[in-house]
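Here is how the chains run, residue by residue.
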Amino acid sequence: MKTLIIGEIINNNLSSGTLEILGKAKSLDLDVQVVTVGSDENPSIGLDLCKQTYLKRQNNSLNLSKAATKISEIIKNEEISLILGSSTYMCRDLISFLSVDLNSSPVSNVIDFDVASGNVSTVNSINGGESLYKTKINSGQALLLIRPKAFDPVEVNFNDDFETIDLDGSDLEVFDIFIEEKSGPQLEDSKVVISAGRGMVDKENLELIETLASKLNAAIGGTRAIVDAGWMPYSQQVGQTGKTVKPDVYIACGISGATQHQVGMKDSKFVIAINKDEEAPIFQLADLGIVGDTLSVIPKLNDNI
Amino acid sequence: MKIAVCAKQIPDPANEVTYSNGTIERPEEQVLDDTDRYGIEVALQLKEKFDAEVTIISMGPSGTQKGLQQALQMGADKAVFVDDESLKGANSLMTANVLSELAKSLSADIVIFGTESTDGYSGTVPQQVSRYLDLECISYVKAVEINDNVTLTRQTVEGSEKLNMPEKCVISVTAGGVEPRYPNFKDIMAAKSKPIEQVSISDLTINTTQNLEFIDIETVENSKSGEKIVDEGEAYQEIVNKLKELKVI
Ligand SMILES: Cc1cc2nc3c(=O)[nH]c(=O)nc-3n(C[C@H](O)[C@H](O)[C@H](O)COP(=O)(O)OP(=O)(O)OC[C@H]3O[C@@H](n4cnc5c(N)ncnc54)[C@H](O)[C@@H]3O)c2cc1C
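Residues numbered from 1 in each chain as written. Chains lettered and ligands numbered in written order. Predicted model: local features only at pLDDT ≥ 70, side-chain atom pairs only at ≥ 80, totals over all residues. Heavy atoms only, no water.

Student: Even after reading the chapter, I still don't get the sheet that holds strand β16 (residues 249-253) of chain A, so can you show me in this structure?
Tutor: Strand pairs in the sheet, formed through backbone hydrogen bonds, run parallel or antiparallel to each other. Within the open sheet, the six strands sit side by side as β15(A)-β14(A)-β16(A)-β17(A)-β18(A)-β15(B). Their pairing is parallel. The strands lining the two open edges of the sheet, one partner per strand, are β15 (219-222) of chain A together with β15 (227-230) of chain B. Across the sheet, the axes of successive neighbouring strands diverge by a mean angle of 15°, strand direction being ignored. Inspection of the sheet shows β16(A) paired to strand β17 (residues 270-275) of chain A by five bridges, in the parallel sense. Note on β17(A): the bridge partner recorded for Ile251(A) is Ile272(A). (Pairing = 2+ DSSP bridges. Helix = DSSP H or I, 4+ residues; strand = E, 2+ residues; numbered from the N terminus. Axes fitted to C-alpha atoms, helices over the stretch in contact; angles between N-to-C directions.)

Below, the structure written as structure tokens:
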């Protein structure tokens, strides 16, 4: 099946989400090409295993709608039937625009898909992963938004062999571009993740989490409740509208375990939860649950590690 | 300035979402999706500055209209909705098709959404509506500064960026982007006399089809029968032991 993957660039390279989708596409033996949208000057995104096209946009204007128009053109000219992108801000915008152009409703939050005798079918996880929802797509083109960490990334060698198409800017000028500073272990690839919720009681108490994280060489995450409260930047949010993590050990501190949070962490290998409410849903996911006060348990942990 | 702002009625999120034949079961009484409160708040702030008219647009079983009332209580002027059997289980594109037709019928300059609904969370409708209306889409707005110009801050993967709001556009507002207001008793009473109008689907141009076919829902056993220990002062030791066993320390 002729397939187009919308690629995204992080740190001058293809994002892990893009490589995961490529991995799946290869395992299904799809006839795949990648069209990457970004604004980096000289990214290293040429691929040894399939064609790569770079749609280069200026980062001083918001012109994703123009990128979508270009991708629509490619889809129509090359008779592409399957269009795949990660559930990221950029791909959600692009796939939504494309769905109107192609008059085909996309499927969001896909965790698995298959192609059999020309038909695409998908699996979504609903109710925080308690159920799997299966869909068959009955339109000429199938558009899928794939959740991060759904598939193993492909192993590729990057080269400089790709075509670059410069996109026009739009009238919507962008200013004050702010890039969050990243330091320490990152959520996506850390073996240990410690996440904080409202049960840390106060922003100041996140120092306890930082101390523990540095002792365990862990990345720090949080719930949407504390991100909304301004305790932590959005880039550290774990869950449906944040990051998906799959560490060896996930330590949930003062987190109730709402389904929207579970979606982002339930595939962690070993889950430790500290919560004073023994009925908290997070305990259903925990391999080791401590019914107790975060502010008493974590300081003792810090003193004894 | 005419503003259309989307408000979805959803089953009370305190209860688990249930499905019948692949479609979310909707009780007679549904509530306003909290996600939409952020968009409504932005619309109301714009109204205060620019004397705009704010109309709620909605699609889905109207039932007791509680959710629409809640949207009006916040301070919107009126509501229009489409409720049609043929839209049951509508996919995101059909939904966007209907909502963009509603926005068009109102000659809305600015169309505002939350980023994704709490029950369906496909998270594509605002962008799809912008494409239907051929308007710029400013998605994932997390801060709004209203002076003579309106400056919007967008969330991006790497951080954020700012834009000036054009005269016509579609905006989606993230949760936490603004602080939604709580209606007082007077607002609640005032909402009762605000117009709520049903629009017939036959008055709208609908080109979308149901291209997604429901196959099956399968339940997976998630819950782990892990150990649960009540802390009496020494439970930290269990964690230390476990971390050693897992070779983290
Ligand atoms: C569309 C949508 C998308 C969402 N996306 C996300 C997402 O991506 N990520 C996400 O996390 N959430 C998301 N949410 C929000 C989610 O529904 C929850 O509201 C949120 O996860 C709750 O965060 P919390 O656990 O920190 O807070 P709460 O639910 O308030 O839980 C706090 C917990 O701390 C415990 N506690 C309190 N004090 C102590 C103490 N001293 N010691 C120990 N325990 C204590 C309490 O018992 C409680 O269980 C989303 C919601 C919607 C509607």
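Student: I'm lost on the sheet that holds strand β9 (residues 137-146) of chain B in this one. Help?
Tutor: Within the open sheet, the ten strands sit side by side as β13(A)-β11(B)-β10(B)-β9(B)-β12(B)-β8(B)-β1(B)-β6(B)-β7(B)-β13(B). Their pairing is mixed. At either margin of the open sheet sits one strand with a lone partner, and together these are β13 (174-179) of chain A together with β13 (196-198) of chain B. When the angles between neighbouring strand axes are averaged without regard to direction, this sheet yields 30°. Taken together, the three bridges between strand β7 (residues 78-82) of chain B and β13(B) define a ladder with parallel strand orientation.

Student: Teacher, can you tell me more about the interface of chain A and chain B here?
Tutor: You'll often see interface size given as the accessible area lost when the parts meet. Each partner contributes to the interface: chain A provides 80 residues, whereas chain B provides 71 residues. With both sides pooled, the region where chain A packs onto chain B buries about 6900 Å², and carbon together with sulfur makes up 56% of that total. We note a salt bridge from Arg92(A) to Glu116(B), for which the minimum N-O separation is 3.4 Å. Inspection of the region where chain A meets chain B yields 39 residue pairs in polar contact (both at pLDDT 80 or more). The biggest single contributor to the side of chain A that touches chain B is helix α3 (residues 89-102) of chain A, with eight residues. Partitioning the side of chain A that touches chain B into residue classes produces 36 nonpolar, 27 polar and 17 charged. (Contact = heavy atoms within 4.5 Å. Buried area = accessible area lost by both parts, 1.4 Å probe. Salt bridge = Lys/Arg side-chain N within 4 Å of Asp/Glu carboxyl O. Polar contact = N/O pair within 3.5 Å; in protein donor to acceptor, adjacent residues only side chain to side chain. Nonpolar A, V, L, I, M, F, W, Y, C, P; charged D, E, K, R; others polar.)

Student: Is there a simple way to think about the environment of Val107(A) in this case?
Tutor: Assignment of secondary structure puts Val107(A) in strand β7 (residues 107-116). Of the residues examined, Val107(A) reaches a relative accessible area of 5% and is grouped as buried. Sequence-wise, Val107(A) and Ile137(A) are 30 residues apart; in three dimensions their C-alpha atoms are separated by 8.8 Å. Among residues more than four places away in sequence, those in contact with Val107(A) are Thr122(A), Asn124(A), Ile137(A), Leu143(A), Leu144(A), Leu145(A) and Leu212(B). (Buried < 20%, exposed > 50% of the residue type's maximum accessible area, 1.4 Å probe, protein only.)

Student: So what exactly am I meant to see when it comes to the site of the ligand here?
Tutor: Residue and element names in this part refer to chain A. Near the ligand you find 26 residues, and of these Arg 198, Thr 223, Thr 241, Ser 256 and Asn 275 are the closest. Taking Thr 294, its main chain carries an N or O atom lying 2.9 Å from a nitrogen atom of the ligand. Here the ligand loses 84% of its free accessible area of 990 Å² to cover by the protein chains. Among the elements of the structure, α5 (224-228) and α6 (259-262) are those that each provide at least two residues to the shell around the ligand. Taken together, the residues of the shell around the ligand sort by class into five nonpolar, 16 polar and five charged. (Near = heavy atom within 4 Å. Areas by Shrake-Rupley, 256 points an atom, 1.4 Å probe, with all protein chains shown as cover.)

Student: Even after reading the chapter, I still don't get the nonpolar core, so can you show me in this structure?
Tutor: One recurring pattern in soluble globular proteins: nonpolar side chains tend to sit buried together. Within the largest apolar cluster, 38 residues are counted, with the highest numbers of intra-cluster contacts made by Ile40(B), Ile56(B) and Ile112(B). The biggest single contributor to this core is helix α1 (residues 34-50) of chain B, with six residues. Those residues in contact with Ile56(B) that sit more than four places away from it in its chain are Val5(B), Ala7(B), Ile40(B), Leu68(B), Ala71(B), Leu72(B), Ala76(B), Lys78(B), Ala79(B) and Val80(B). Residues Ala218(A), Ile220(A), Trp231(A) and Leu243(B) belong to the second largest nonpolar core, which totals 33 residues. (Core = buried A, V, L, I, M, F, W, Y, C linked by side-chain atoms within 4.5 Å.)

Student: Can you help me understand unusual backbone geometry in this one?
Tutor: With the exception of glycine, the majority of residues adopt a negative phi angle, and the majority of peptide bonds are in the trans configuration. A positive phi angle, near 70°, is found at Lys149(A), a position not held by glycine. A positive phi angle is found at Gln65(B), which is not glycine, with a value near 65°. Relative to the elements of secondary structure, Gln65(B) occurs in the loop between β6 (53-59) and α2 (66-74).

Student: Before we go on, may I ask you to explain the pairing of strand β8 (residues 110-114) of chain B in this structure?
Tutor: Consecutive side chains of a regular strand alternate in pointing toward one face of the sheet and then the other. Residues and elements named next belong to chain B. Along β8, five of the five residues are buried, which leaves the element largely enclosed by surrounding structure. As paired elements, strand β1 (residues 2-6) and β8 share three bridges and run parallel to each other. For Val 5, the partnering residue across the bridge sits in β8 and is Ile 112. As defined by bridge partners, β8 adjoins strand β12 (residues 169-173) across five bridges and the pair is classed as parallel. If you follow Gly 114 over to β12, its bridge partner there is Val 173.

Student: What is the right way to read the packing of aromatic side chains from this model?
Tutor: To describe a pair of aromatic rings, you give the distance between the ring centres and the angle between the ring planes. Taken as a whole and judged by the stated rule, the model has six aromatic pairs over all chains. Ring centres 5.1 Å apart and planes at 55° place the aromatic pair Tyr133(A) and Phe214(B) in the tilted group. In this pair, Tyr133(A) sits in strand β9 (residues 131-137) while Phe214(B) sits in strand β14 (residues 212-219), so the two residues belong to two different chains. Above the face of the Phe113(A) ring, Lys24(A) is positioned so that its terminal group lies 5.6 Å from the ring centre. (Phe/Tyr/Trp six-rings, centres within 6.5 Å; stacked < 30°, edge-to-face > 60°. Lys NZ or Arg CZ within 6 Å of the ring centre and 35° of its normal.)

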